[in-house]
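One-letter residues, chain by chain:
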Amino acid sequence: MTRIFTGLQPTNTLHIGNLLGSILPWQQLVTNTPDAEAYLMIADQHAITIKQESEVLHSKILEVAAIMLAAGVDYRKHVVFPQSQNPDHAYVGWLYTCLTPMGWLDRMTQFKEKKEKVEGYKEAVSTGLFAYPTLMAADILLYDADMVPVGADQKQHVELTSDIANRFNSLYGQTFKVPNFHTNKETTKLFDLQEPTKKMSKSDASDAGRISLTDTVDAIRKKIMKSVTDNEAVVAYDAVNKPGISNLLSIFAAVSKKSIADLVSTYHDAGYGKFKGDVADAVISYLEPFQQKMNAFLSDKAELQRILDDGAARAYKVSHPKTLEAAAKMGLYIHA
Ligand code: TRP
């Protein structure tokens, strides 16, 4: 059996670039790995390292779950669960926080980047944001994960996870399995519709540059029709000189399964209005069935909660013996 573990924060607005570039490739990895048992965790306790509006966070958790299920994760075979529904994560996260020198956390580049954006960060940034990689280590190590597919920005956190596992094992005896980092291959990289030299972003305050998975048909069409292009009126692929048109070609190709070359030969002289209209049609006919599935999960909250609670119960069965073992080895008051 190969255990594949990944986590997804329920904070930002997932968009079509996330679906094509990471959610579907993740799904493929799971499908193509013989004996895969995948754990997909909705990282809500990571989300609260930064202040969240309670109602918004709660509905985002369900929305992310519905997105993953609509993408086709087989929740009977694999485990989809919210982090907060399994208390072992925070518990073992605390054990690791006590084992991890501050210097290790100080070196994390993601924290350095995040804190630099906040003025007077010593007062404004939470201790949780600083210690967050120890919670992430617990997520991974509780399940003896073999493979941890994440984006490049999480590589350092997975390496720290290995350091924490080794430290625990050398202090208290072999307990945690050292995981393998696995980079998500970004097969489809999409750019911002308004600033096509910048990657499509989940967190940009403005929504005009991305096609969110929850956008209405009208919104999708408007965003594509208003996307920034150039004045040449020639549909051709040239990422340097024609980033806007090239990005629309990438989107069109990804959702229609046609090659960029074929699309260029069809639309070369068609004019940008016609081209954009057809890109919008293709995106809409790709996303509509996906959104129908997503909305079906969201409209039956009781069933969605049943799926997540069942996932959490199955996760707990695996994580709890490990939690008791680690706590007992550290000398805590544990009666098995
Ligand atoms: N930290 C990850 C992110 O921000 C999410 C995450 C939480 C995660 N726990 C994880 C990813 C465990 C992989 C494994 O994207």
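For the structure, see preceding data.
Residues numbered from 1 in each chain as written. Predicted model: local features only at pLDDT ≥ 70, side-chain atom pairs only at ≥ 80, totals over all residues. Heavy atoms only, no water.

A. Molecular detail of the pattern of salt bridges. Inspection of every chain in the model, using the stated rule, returns 17 salt bridges. In this structure, K198 and D204 form a salt bridge, with 2.7 Å as the shortest nitrogen-oxygen distance. Overall, K198 belongs to the partly exposed group, its relative accessible area being 27%. Among the ionic pairs, E303 bridges to R306, the shortest N-O distance being 3.1 Å. Here the residue E303 and the residue R306 both occupy positions in helix α14 (residues 301–329), the gap between them amounting to three residues, near one helical turn. Residue classification places R306 among the partly exposed positions, given a relative accessible area of 44%. (Salt bridge = Lys/Arg side-chain N within 4 Å of Asp/Glu carboxyl O. Buried < 20%, exposed > 50% of the residue type's maximum accessible area, 1.4 Å probe, protein only. Helix = DSSP H or I, 4+ residues; strand = E, 2+ residues; numbered from the N terminus.)

B. Focus on the nonpolar core. Core analysis: the largest hydrophobic core is formed by 61 residues, its most contacted members being I16, F275, V283, L287 and F290. For this core, the secondary structure elements donating two or more residues are α1 (16–32), β2 (36–42), α3 (54–70), α10 (217–225), α11 (243–256), α12 (260–267), α13 (272–299) and α14. Here this core spans two domains, and each of domain 1 (2–188 + 300–329) and domain 2 (217–295) adds at least three residues to it. With residues near it in sequence (within four places) discarded, F290 still touches L19, I67, A70, A71 and L213. By size, the runner-up hydrophobic cluster in this structure holds 37 residues, among which are F81, M108, L129 and L160. (Core = buried A, V, L, I, M, F, W, Y, C linked by side-chain atoms within 4.5 Å. Domains from an automatic or database assignment. Contact = heavy atoms within 4.5 Å.)

C. Layout of the packing of aromatic side chains. Under the criterion given, the structure shown has 11 aromatic pairs. When the ring of F5 is compared with that of Y39, the centres are 6.3 Å apart and the planes differ by 15 degrees; the resulting orientation is stacked. Taken as a pair, F5 in strand β1 (residues 2–8) and Y39 in strand β2 lie far apart in primary sequence, 34 residues in all. Under the relative-accessibility criterion, Y39 is labelled buried at 2%. Connected via pairs of aromatic rings, a cluster forms that spans F5, Y39, F81 and Y143. Over the face of the ring belonging to Y132 we find K114, whose NZ or CZ atom lies 5.8 Å from the ring centre. (Phe/Tyr/Trp six-rings, centres within 6.5 Å; stacked < 30°, edge-to-face > 60°. Lys NZ or Arg CZ within 6 Å of the ring centre and 35° of its normal.)

D. Representation of unusual backbone geometry in the model. Backbone geometry at D144 places phi at a positive 50 degrees, although glycine is not the residue there. The topology assignment puts D144 in the loop between α8 (127–141) and β4 (147–150). In this structure D144 comes out as partly exposed when scored by relative accessible area, which is 23%. In the Ramachandran plot, A233 falls in the positive-phi region, its phi being about 60 degrees despite a non-glycine side chain. In this structure, A233 sits in the loop between α10 and α11. Looking at A233, the relative accessible area reads 45%, which means it is partly exposed.

By themselves these figures say nothing about function.
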